[in-house]
Amino acid sequence: MSVVHERTTPRPLTRPPRRPPRPSRRATASGLWPYLLVAPAVLGMLYLLLYPLARAVLISFQDFGLRQLILGDARFTGLDNYATLLSDARFWTVVRRTFLFMAINVVLIMVLATLVALMVERLGRFGRAAVLSALVLAWAMPVVAATTVFQWLFHSEFGIVNHALTGLGFTSFEGYPWLAHGPAAFAILITLVVWQSVPFAAITLYSALTTVPTELYEAARIDGASSSRVFRSVTLPIVRPIFMLVLSLEVIWTFKAFVQIWVMTRGGPGDATTILPVYAVQTALSGQHYDLGSAASMVTVLLMSGVLVFYFRQMFRQEAEL
């Protein structure tokens, strides 16, 4: 009688899974340290940006004048301030002038900035450095200083513009009061805003143009494409995101232009250069109607947001088509 022993393979020893090590206190502290460093800047930004906005929204729903500013006994009036504002014919005139001011400025800025960026791209090293340096210097000039220089240029008695035009034979411009005529003052402000805004847009667009591969230009020229065709079919599709970003920023900056207008004309003569930010300040300061001024500011924010939403929708639609 034989006993057959079955050979069995020993089972491998399995160890229970180890628990992941708990992070040490030093590792936890090192992970929180970047957030602690950023926290003061974030909190300061929230206080300086969000608190004034929330305060303006609150005041726009209150009866808030000089008495309420001192004593603090403001009462809520609902939408009465907005109803008063929207029923004012002068307000709608200012709205139309604001959109006209923004449209003219944005078109001129983007056209001139694109032309300057294309020119800089074709210059040599010395010419490129000279033009970019001039753009940076113009961009770095403070707004109030630039506005004061323009006031001197167009001064009725001592301005160099009148002197130059008179010297060229245009005697009708001798002592011409530029800032006393509405269309002339409006055109001067547009010139000032365009002069201040083109450098940033041109430098940004030039930076985008440097990212276009030269091989695409060479292939397009071999195929016989003209310069305009190369720009439309090669350059513009590649730099379109940066172009739309600059366009959106210029819409914001020109829509809320205030310092140039307030320093040079304070919205005059009459209401010829009054746009929504100037109208809001005028409303708040004349008679201390801070509630109506806050309501005008909120309407300005809503209108500007609507314009930006429209542009972003167009940009996303174009990206989806591409």
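Worth saying up front: this structure is predicted, and the values here are computed from it rather than measured.

Caption draft 1: Quick look at the overall build of the protein chain. Helix and strand counts for the protein chain come out as 13 helices and 2 strands. Each of the 322 residues in the protein chain was classed as buried or not, and the buried ones make up 33%. Within the protein chain, counting contacts between residues at least 6 apart in sequence, those at least 24 apart form 67% of the total.

Caption draft 2: Focus on the packing of aromatic side chains. If you walk through the whole model with that rule in mind, you get 17 aromatic pairs. Where Phe-64 meets Tyr-290, the ring centres are 6.4 Å apart and the plane angle is 75°; that geometry is what we call edge-to-face. Linking Phe-64 in the loop between strand S1 (62-63) and helix H2 (66-71) with Tyr-290 in helix H13 (residues 290-321), this pair joins segments that are 226 residues apart in sequence. Classification of Tyr-290 as partly exposed rests on a relative accessible area of 22%. Here the aromatic rings of Phe-91 and Trp-92 are separated by 5.2 Å at their centres, their planes lie at 70°, and the arrangement is edge-to-face. Under the relative-accessibility criterion, Trp-92 is labelled partly exposed at 40%. Through a chain of ring-to-ring contacts, the aromatic side chains of Phe-150, Phe-154, Phe-170, Phe-173, Tyr-176, Trp-178 and Trp-195 assemble into a single cluster.

Caption draft 3: A look at the side chain of Gln-196. Considering the arrangement of structural elements, one finds Gln-196 in helix H8 (residues 182-209). By relative accessible area, Gln-196 is classed as buried at 13%. A polar atom in the side chain of Gln-196 sits 2.8 Å from the side chain of Gln-260. Beyond its immediate chain neighbours, meaning those up to four positions away, Gln-196 contacts Trp-139, Val-143, Ala-146 and Gln-260.

Caption draft 4: Quick peek at the nonpolar core. Counting residues in each nonpolar core, the largest one holds 63 residues, and the members touching the most others are Leu-85, Phe-91 and Phe-101. Once you skip the residues sitting within four places of it in the chain, Phe-101 turns out to touch Phe-186, Leu-189, Ile-190, Val-193, Thr-254, Ala-257, Ile-261 and Ile-275.

Caption draft 5: Representation of the packing of helix H4 (residues 89-122) against helix H12 (residues 276-285). Running from N to C, H4 and H12 cross one another at 150°; their axes reach a closest spacing of 9 Å. As judged from the angle between their axes, H4 and H12 are roughly antiparallel. Between H4, through Arg-90, Phe-91, Val-94, Val-95 and Thr-98, and H12, the contact on the second element is made entirely by Leu-276, Tyr-279 and Gln-282. Looking at side-chain class alone, the contact of H4 with H12 contains 5 nonpolar, 2 polar and 1 charged residues.

Caption draft 6: Representation of the pattern of salt bridges within the structure. In this structure the tally under the stated criterion is 3 salt bridges. A salt bridge links Arg-75 to Asp-63, with the nearest nitrogen and oxygen atoms 3.8 Å apart. Of this pair, Arg-75 sits in strand S2 (residues 75-76) while Asp-63 sits in strand S1; the two residues are 12 residues apart in sequence, bridging distant segments of the chain. For Arg-75, a relative accessible area of 53% corresponds to the exposed category. You can call Asp-63 partly exposed: its relative accessible area is 27%.

Caption draft 7: Local environment of unusual backbone geometry. Here the residue pair Gly-268 and Pro-269 is connected by a cis peptide bond, since its omega of 0° sits within 30 degrees of zero. Positionally, Pro-269 belongs in the loop between helix H11 (259-264) and H12. With phi around 55°, Arg-266 is a residue other than glycine that occupies positive phi space. Checked against the element boundaries, Arg-266 lands in the loop between H11 and H12.

What counts, and where the lines are drawn
Residues numbered from 1 in each chain as written. Predicted model: local features only at pLDDT ≥ 70, side-chain atom pairs only at ≥ 80, totals over all residues. Heavy atoms only, no water. Helix = DSSP H or I, 4+ residues; strand = E, 2+ residues; numbered from the N terminus. Buried < 20%, exposed > 50% of the residue type's maximum accessible area, 1.4 Å probe, protein only. Contact = heavy atoms within 4.5 Å. Phe/Tyr/Trp six-rings, centres within 6.5 Å; stacked < 30°, edge-to-face > 60°. Polar contact = N/O pair within 3.5 Å; in protein donor to acceptor, adjacent residues only side chain to side chain. Core = buried A, V, L, I, M, F, W, Y, C linked by side-chain atoms within 4.5 Å. Axes fitted to C-alpha atoms, helices over the stretch in contact; angles between N-to-C directions. Parallel < 35°, antiparallel > 145°, perpendicular 65-115°, else oblique. Nonpolar A, V, L, I, M, F, W, Y, C, P; charged D, E, K, R; others polar. Salt bridge = Lys/Arg side-chain N within 4 Å of Asp/Glu carboxyl O.

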